[in-house]
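Each chain is listed here by its residues.
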Amino acid sequence: MSTITPQNALIYAMVIAAVADGKLKDTEVAAIDAAVRHLPIFRGYGLDAMQVAVGDCVALLDQEDGIDAALGLVKEALPADWCETAYALACDIIAVDGHGRQEELRWLEMLRHELRVERLHAAAIERGAGVRYKRLPGDVPKG
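Predicted model, so just to flag it, every value in this text is computed and none were measured. (Residues numbered from 1 in each chain as written. Predicted model: local features only at pLDDT ≥ 70, side-chain atom pairs only at ≥ 80, totals over all residues. Heavy atoms only, no water.)

Visitor: Any chance you could explain the pattern of salt bridges here in plain terms?
Guide: Where charged atoms of side chains with opposite charge meet at close range, the side chains can pair. Tallied over the entire structure, the rule returns 7 salt bridges. Between arginine 37 and aspartate 33 there is a salt bridge whose closest N-O contact spans 2.5 Å. Here the residue arginine 37 and the residue aspartate 33 both occupy positions in helix α2 (residues 26–38), the gap between them amounting to 4 residues, near one helical turn. Where glutamate 114 meets lysine 75, a salt bridge forms, and the shortest distance between an N and an O atom there is 3.8 Å. Taken as a pair, glutamate 114 in helix α6 (residues 102–115) and lysine 75 in helix α4 (residues 66–77) lie far apart in primary sequence, 39 residues in all. (Salt bridge = Lys/Arg side-chain N within 4 Å of Asp/Glu carboxyl O. Helix = DSSP H or I, 4+ residues; strand = E, 2+ residues; numbered from the N terminus.)

This is the structure in structure tokens:
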């Protein structure tokens, strides 16, 4: 039995994606909040639970080997049919800034392998995130 819930695992996937570049930005926190508020997979999952999960994940990531521990919790807690959902949410968090940095793309690759998301499916998910978060020329995200 996992020590976190499947919804917490989705939050962990988003938080790890958010901090892959070294900082948790306001735009990323707002995107996590929006996902919890609006996506059916979070129905019945409150914002208080989200805040606790974000804090727990950040604390875990501050520990030595925290990324491996967090990935292990995510993999263990997710039902098989939620793995692509976790990957899609992580892609959205990276795309919210307008572009993926090298360390973020490495994290996505690690997550894809860990969750056994097929490469073709991952490419489609990545493309969808990029299209959803496309910006007007000169529009720079704040955060």
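Past the structure itself, the notes keep going.
Visitor: Can you help me understand helix α3 (residues 47–61) in this one?
Guide: Given 3.6 residues per turn, any residue in an α-helix points the same way as the ones three and four places further on. With 15 residues, α3 should cover 21 Å at 1.5 Å per step; its first-to-last C-alpha distance of 21 Å lies within 8% of that length. Listing the buried residues of α3 in full gives Met50, Ala53, Val54, Cys57 and Leu60. Mapping the buried residues of α3 onto a view down its axis gives an arc of 130°, with all of them on the same face. The exposed residues of α3 that point more than 90 degrees off its buried face are Asp48 and Val52. Contacts made by the buried residues of α3 are with α1 (6–19), α2 and α4. (Expected span 1.5 Å × (residues − 1). Buried < 20%, exposed > 50% of the residue type's maximum accessible area, 1.4 Å probe, protein only. Arc of directions from axis to C-beta. Contact = heavy atoms within 4.5 Å.)

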